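The primary structure of each chain is shown beneath.
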Amino acid sequence: MELVMTPTEMQVVYEHPRSLADVPTRYCPGCTHGIAHRLLAEAIDELGLLERTILVAPVGCSVFAYEYFNADACQAAHGRAPAMATGVKRMLPENIVITYQGDGDLVSIGAAEIMHAAARGEQITTIFINNAVYGMTGGQMAPTSLPGQKTTSSPLGRDTHLTGAPIRMSEVLAQFDGAAYIVRRSLHDVANIRKAKKAILTALKVQMAGLGFSMVELLSSCPTNWGIAPEKALDWIEENMIPHFPLGDYKVRDDVKAL
Amino acid sequence: MTMGRIIINRDRCKGCTLCSTVCPQNVIFMAENQLNAKGYHPAMLVDPDGACTGCAVCAVICPDVCITVYRETTQRTKAVREAVTI
């Protein structure tokens, strides 16, 4: 029997999500920002939220996130995406407001903004990309850098006596009553990427139901600033980051479980 | 075995190799002697025996959303889908 294998006769099982703009990104090869963007776009598509989504882009590598999504978007001052999102959501409560922030943005200069947004129980969703380094500015030490991690501003490795230990933001934010859904996932392999997408879907459903603040932390790679190949960078997440940033559900309120 | 096919957007690929490392059938390779418009060695499907199952693992890990996955619709899956929709 002759097999005719043309795509037109076959069913599409995976394609470019509608919410993601069809443009090349400026991310380095192998950077998992692209995966996180795609997961968020797929979640927006599946819940049919594209027409009423407003994205707040941060400062960092993902500063151009507003160009990569077909949703409406604005860009906040460094670390202030939750503050801007608060204003947007309060004025336009029918819209779905999502901030997309990195660790240099959210854990460092924006630590106060994210904590107060969580404490107030703002009806926003935050996608938090944790790659343990400042990416855009050239690989400096971030508050999430691991003990002993070599970066351009800690060339001998992070000294915890001098600079403290990594901040685990999901654990911190889980303490606030206003936070409804706080989880940490990883993007280092296919199974974990699928789990991450489920978490993003749940986080968006929390906002749709108006239950409170929701955040998904995604352990992410930075092959360029870590100085290793993309494939090895994914192994590095598993071997080094996950022991410091354990994956799991840090806050799933009972009303979220009932969703 | 279900037949699959992938189409890689050559000029969007940044040659990060992640798809080739996760492919369970080992049918994705980096085009070592070819360059795309961006100057990377793009990923390509080398599948003369039709081993690709359309499992979409490559597309799930691709950071640049270059891969579209197609899977053959068999009579059985068609029947199952119709039974579910009715």
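No experiment lies behind these values; they were computed from the predicted model shown. (Residues numbered from 1 in each chain as written. Chains lettered and ligands numbered in written order. Predicted model: local features only at pLDDT ≥ 70, side-chain atom pairs only at ≥ 80, totals over all residues. Heavy atoms only, no water.)

A.B. asks: Before we go on, may I ask you to explain the sheet that holds strand β1 (residues 4–8) of chain B in this structure?
C.D. replies: The strands that make up a sheet are held in pairs by hydrogen bonds between backbone atoms, and each pair lies either parallel or antiparallel. The three strands are arranged β1(A)-β4(B)-β1(B) in an open sheet whose pairing can be described as antiparallel. The strands lining the two open edges of the sheet, one partner per strand, are β1 (11–14) of chain A together with β1 of chain B. Taken pair by pair, the neighbouring strands of this sheet meet at an average axis angle of 35°, ignoring direction. In this sheet, strand β4 (residues 67–71) of chain B lies alongside β1 of chain B in antiparallel orientation, the contact comprising five bridges. (Pairing = 2+ DSSP bridges. Helix = DSSP H or I, 4+ residues; strand = E, 2+ residues; numbered from the N terminus. Axes fitted to C-alpha atoms, helices over the stretch in contact; angles between N-to-C directions.)

A.B. asks: Teacher, can you tell me more about the side chain of Asn95 of chain A here?
C.D. replies: Residue and element names in this part refer to chain A. By the secondary structure assignment, Asn95 is in the loop between α3 (81–91) and β4 (96–102). In terms of polar contacts, Asn95 uses its side chain to reach the backbone carbonyl oxygen of Arg52, at 3.3 Å. Sequence-distant contacts of Asn95, that is, excluding residues within four places in its chain, are made with Arg52, Ile54, Lys89 and Gln207. (Polar contact = N/O pair within 3.5 Å; in protein donor to acceptor, adjacent residues only side chain to side chain. Contact = heavy atoms within 4.5 Å.)

A.B. asks: Just to check I follow, could you spell out the pattern of salt bridges for this structure?
C.D. replies: Opposite charge on two side chains allows them to pair when their charged atoms are near. Residue and element names in this part refer to chain A. Enumeration over the complete set of coordinates arrives at 16 salt bridges over all chains. In this structure, Glu51 engages Arg18 in a salt bridge whose closest nitrogen and oxygen atoms are separated by 3.5 Å. Here Arg18 lies in the loop between β1 and α1 (33–47) and Glu51 lies in the loop between α1 and β2 (53–57), a separation of 33 residues in the sequence. Residues Glu51 and Arg18 agree in their burial class; the two are exposed. Residue Glu113 is joined to Arg80 by a salt bridge in which the shortest nitrogen-to-oxygen separation is 3.1 Å. Here Glu113, found in helix α5 (residues 111–120), pairs with Arg80, found in the loop between β3 (72–75) and α3; they are 33 residues apart in sequence, far enough to count as distant. Residue classification places Glu113 among the buried residues on the basis of a relative accessible area of 18%. In this structure Arg80 comes out as partly exposed when scored by relative accessible area, which is 33%. A single network of salt bridges, built from pairs that share partners, joins Arg38, Glu42, Glu46 and Lys197. (Salt bridge = Lys/Arg side-chain N within 4 Å of Asp/Glu carboxyl O. Buried < 20%, exposed > 50% of the residue type's maximum accessible area, 1.4 Å probe, protein only.)

A.B. asks: Can you walk me through the sheet that holds strand β8 (residues 248–252) of chain A in this structure?
C.D. replies: All names here are of chain A. The strand order across the open sheet built from seven strands is β3-β2-β4-β5-β7-β6-β8, with neighbouring strands paired in mixed fashion. The sheet is open, and its two edges are formed by β3 and β8, each paired on a single side. Across the sheet, the mean angle from the axis of one strand to that of its neighbour is 15°, orientation sign disregarded. Taken together, the four bridges between strand β6 (residues 179–186) and β8 define a ladder with antiparallel strand orientation. Of the residues in β8, the one forming a bridge with Arg184 is Gly248. Sheet contacts for α3: β2, β3 and β4; angle to β4, the most-contacted strand, approximately 175°.

A.B. asks: Help me out: how do you make sense of helix α8 (residues 190–208) of chain A in this one?
C.D. replies: For an α-helix, the turn length of 3.6 residues means that residues three or four places apart are oriented alike. Residue and element names in this part refer to chain A. Along its 19 residues, α8 runs 27 Å from first to last C-alpha, staying within 8% of the 27 Å computed at 1.5 Å per residue. Buried within α8 we find Val190, Asn192, Ile193, Ala196, Lys197, Ala199, Ile200, Leu201, Ala203, Leu204, Val206 and Gln207. Remark: Gly210 follows α8 within two positions and exhibits a positive phi of approximately 65°. (Expected span 1.5 Å × (residues − 1).)

A.B. asks: Just checking my understanding: could you explain the confidence of the model for chain A for this structure?
C.D. replies: For residues with low pLDDT, the predicted coordinates do not support detailed interpretation. Taken over all residues, the pLDDT of chain A has a mean of 93, while the share at 70 or more is 97%. Summarising per-element confidence for chain A, the mean pLDDT is lowest in β1 of chain A (90) and highest in strand β7 (residues 213–219) of chain A (97). (pLDDT = per-residue confidence, 0-100.)

A.B. asks: I tried to follow the pairing of strand β5 (residues 125–130) of chain A on my own but got confused; where do I start?
C.D. replies: On any regular strand, side chains alternate: one points to one face of the sheet, the next to the other face. Residues and elements named next belong to chain A. Burial analysis of β5 places six of its six residues in the buried class, the great majority of the element. Burial along β5 is two-sided: Thr125, Ile127 and Ile129 facing one way and Thr126, Phe128 and Asn130 facing the other are all buried. As paired elements, β4 and β5 share five bridges and run parallel to each other. Residue Gln101 lies in a different strand from β5, and its bridge partner there is Phe128. Where β5 lies against β7, six bridges are found, and the strand directions are parallel. Opposite Asn130, over in β7, you have Leu219 as the bridge partner.

A.B. asks: Which parts of the structure should I look at to understand the side chain of Ser186 of chain A?
C.D. replies: All names here are of chain A. Along the chain, Ser186 turns up in strand β6. Side chain to side chain, Ser186 and His188 meet in a polar contact 2.7 Å long. For Ser186, the contacting residues outside a window of four places in its chain are Asn192, Ile193, Ala196, Leu219, Ile237, Ile242 and Leu247.

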